[in-house]
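# Commentary on secondary and tertiary structure
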Amino acid sequence: AWISSKPPLLRFLNACHVEFAPETSGAVADYIPELGKADPDHFGISLATLDGHVYEVGDTQIPFTIQSMSKPFVFALALDTLGAARVESVIGVEPSGDPFNSIRLNAENHPFNPMVNAGAIACSGLIHEAKGDAAFEYIRQALGRFAGRELDVDDAVYASESTTGDRNRAIGYLLRTNAVIRDNVAAVLEVYFRQCAILVTARDIAVMAATLANRGINPVTGEQVTSAYAISRTLSVMTSSGMYDYAGEWIYRIGIPAKSGVGGGILAALPARLGLGSYSPKLDKHGNSVRGIKVCEALSAHYDLHMLNRS
Ligand code: GLN
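Residues numbered from 1 in each chain as written. Predicted model: local features only at pLDDT ≥ 70, side-chain atom pairs only at ≥ 80, totals over all residues.

## Some words on the UniProt feature "binding site: substrate" (unreviewed entry) in the protein chain
The UniProt record marks Ser-68, Asn-117, Glu-161, Asn-168, Tyr-192, Tyr-244 and Val-262 with the feature "binding site: substrate" (unreviewed entry), using the residue numbering of this structure. Here Asn-117 is to be found in helix 4 (residues 117–131). Judged by the 23 C-beta atoms lying within 10 Å of it, Asn-117 falls in the buried class. Here Tyr-244 shows up in the loop between helix 10 (228–241) and helix 11 (247–253). (UniProt positions renumbered as here; feature names shortened; annotations may be inferred. Helix = DSSP H or I, 4+ residues; strand = E, 2+ residues; numbered from the N terminus. Buried ≥ 20, exposed ≤ 12 C-beta atoms within 10 Å, placed from the backbone.)

Right, dumping it as structure tokens:
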């Protein structure tokens, strides 16, 4: 009775929630100890359309850390803040085929792309170069404009990653010795760890994704958050590298630019159409949310959303 009176899209999202809730494979990330405390049962799906309507099913109001889903936004911000030439002089745009935390750089000793840790740390370094001590606050404010509300930080997750993040620190030093980072490595890493610990909900992610899908205009607030140029370049690297070493399979099967985070979020942005945010903390071996992938597969198939199948 509840469901028969609801819009078809909401009914479809609800059906996905019912179908995939019993899927309990995967594991909650615990290499950042604090992330291991997430409730593996949480499952939320939200979809925002470009007219500003937001659909929500399940645990869409539970806050979790944005983690790697911050990467596309900070890349877009770096393009607008420092200019494309500066950004592109130190960060590549080729898929790496490696896991997200790979320490391997490309033949020029630059990060392969801004969607893996090395490239994202380089982006945080560029923002730090431009904004100094105000870098993190500048990033937090910008992400808030994408979400349409002020976003907080999970201090416990931040502290947990900062205490244990030696691999990312090692990447930072490697970047500095190759002049990709020019500032103090520790300061840049603090910006990166803090940006990863920004708290979002599945609903926020849907609106942030819809802003990417809407050429940088938040469809709920109407604000132009970044330039259209930065958005198209960001969607490009999401298409080729957003799902790490699953990116090829992802774009082949699902065909929607996307980005995952080890907090359990997946963000998918279909240009001129919609933004999707899902939250479910159990991850597959690539670090992508198991249920989130299933939701995106089902959505793409049901509504025929593959980006290369347009008429
Ligand atoms: N903060 C995490 C890290 O750097 C982000 C990784 C991710 O979400 N894939 O390891």
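Moving on from the model shown.
## Section: the site of the ligand
The ligand sits among Gln-67, Ser-68, Phe-100, Asn-101, Asn-117, Glu-161, Asn-168, Cys-196, Gly-261, Val-262 and Gly-287. Considering only residue class, the shell around the ligand consists of 3 nonpolar, 7 polar and 1 charged. Shared between two domains, the shell around the ligand holds at least three residues of each, these being domain 1 (3–65 + 199–302) and domain 2 (67–196). (Near = placed C-beta within 6 Å. Nonpolar A, V, L, I, M, F, W, Y, C, P; charged D, E, K, R; others polar. Domains from an automatic or database assignment.)

## Digging into the pairing of strand 3 (residues 54–58)
For strand 2 (residues 44–49) and strand 3, the ladder comprises 5 bridges, and the chain directions are antiparallel. Paired with Ser-46 across the bridge in strand 3 is Glu-56. The hairpin formed by strand 2 and strand 3 contains 4 residues between the paired strands, and Gly-52 there has a positive phi angle of roughly 90°. (Pairing = 2+ DSSP bridges.)

## Here we look at the domain arrangement of the protein chain
One can read the domain layout of the protein chain as domain 1 (3–65 + 199–302) and domain 2 (67–196). Contacts between domain 1 and domain 2 engage 40 residues on the former and 36 residues on the latter. At the level of secondary structure, the elements contributing two or more residues to the side of domain 1 that touches domain 2 comprise strand 5 (199–200), helix 9 (202–213), helix 10, strand 6 (258–260) and strand 7 (265–270). In terms of residue count, the dominant contributor to the side of domain 1 that touches domain 2 is helix 10 (8 residues). Residue composition of the side of domain 1 that touches domain 2, grouped by class: 19 nonpolar, 15 polar and 6 charged. (Contact = placed C-beta atoms within 7 Å.)

## Re the environment of Leu-299
Mapped onto the elements, Leu-299 comes out in helix 12 (residues 290–302). Residue Leu-299 is classed as buried on the basis of its C-beta count, with 23 C-beta atoms lying within 10 Å. Along the primary structure Leu-299 and Cys-16 are separated by 283 residues, whereas in three dimensions their C-alpha atoms are 8.4 Å apart. Setting aside chain neighbours within four positions, we find Leu-299 in contact with Leu-276 and Leu-305.

## With respect to the confidence of the model for the protein chain
Mean pLDDT over the protein chain works out to 96, with 99% of the residues at or above the 70 mark. The complex prediction reports pTM at 0.97, with the ipTM value standing at 0.97. (pLDDT = per-residue confidence, 0-100.)

## Details of unusual backbone geometry
One non-glycine residue, Asn-109, lies in positive phi territory at about 60°. Considering the arrangement of structural elements, one finds Asn-109 in the loop between helix 3 (84–88) and helix 4. Even without being a glycine, Tyr-244 presents a positive backbone phi close to 60°. We classify Tyr-244 as buried; it has 24 C-beta atoms within 10 Å.

## Concerning the sheet that holds strand 6
With respect to topology, 5 strands assemble into an open sheet ordered 3-2-8-7-6, the strand pairing being antiparallel. Looking along the sheet, the strands with just one partner apiece sit at the ends: strand 3 and strand 6. Recorded for the sheet is a direction-independent mean angle of 10° between the axes of neighbouring strands. Two elements, strand 6 and strand 7, share 3 bridges in a ladder whose sense is antiparallel. For Lys-259, the partnering residue across the bridge sits in strand 7 and is Leu-267. (Axes fitted to C-alpha atoms, helices over the stretch in contact; angles between N-to-C directions.)

## Some words on the pairing of strand 2
Of all 6 residues in strand 2, 5 are buried, a share of seventy percent or more. Where strand 2 lies against strand 8 (residues 274–279), 6 bridges are found, and the strand directions are antiparallel. When the bridges of strand 8 are listed, Leu-47 appears paired with Leu-276.

## Considerations on helix 2 (residues 70–82)
Owing to its 3.6 residues per turn, the α-helix aligns residues three or four sequence positions apart on the same side. Taking 1.5 Å of rise per residue, 13 residues should cover 18 Å, and helix 2 covers 18 Å from first to last C-alpha, within 8% of that figure. Within helix 2, 11 of the 13 residues are buried, leaving the element largely enclosed by the surrounding structure. Buried within helix 2 are the following residues: Ser-70, Lys-71, Pro-72, Phe-73, Val-74, Phe-75, Ala-76, Leu-77, Ala-78, Leu-79 and Thr-81. (Expected span 1.5 Å × (residues − 1).)

## Some thoughts on the packing of helix 4 against helix 7 (residues 166–177)
Packing of helix 4 against helix 7 brings their axes to within 10 Å, and their N-to-C directions diverge by 65°. Our pair here, helix 4 against helix 7, has a crossing hand that is right-handed. Between helix 4, through Asn-117, Ala-118, Ile-121, Ala-122 and Gly-125, and helix 7, the contact on the second element is made entirely by Asn-168, Ile-171, Gly-172 and Leu-175. The residue makeup of the contact of helix 4 with helix 7, split by class, is 5 nonpolar, 4 polar and no charged. (Left-handed = near helix turned anticlockwise from the far one by under 90°.)

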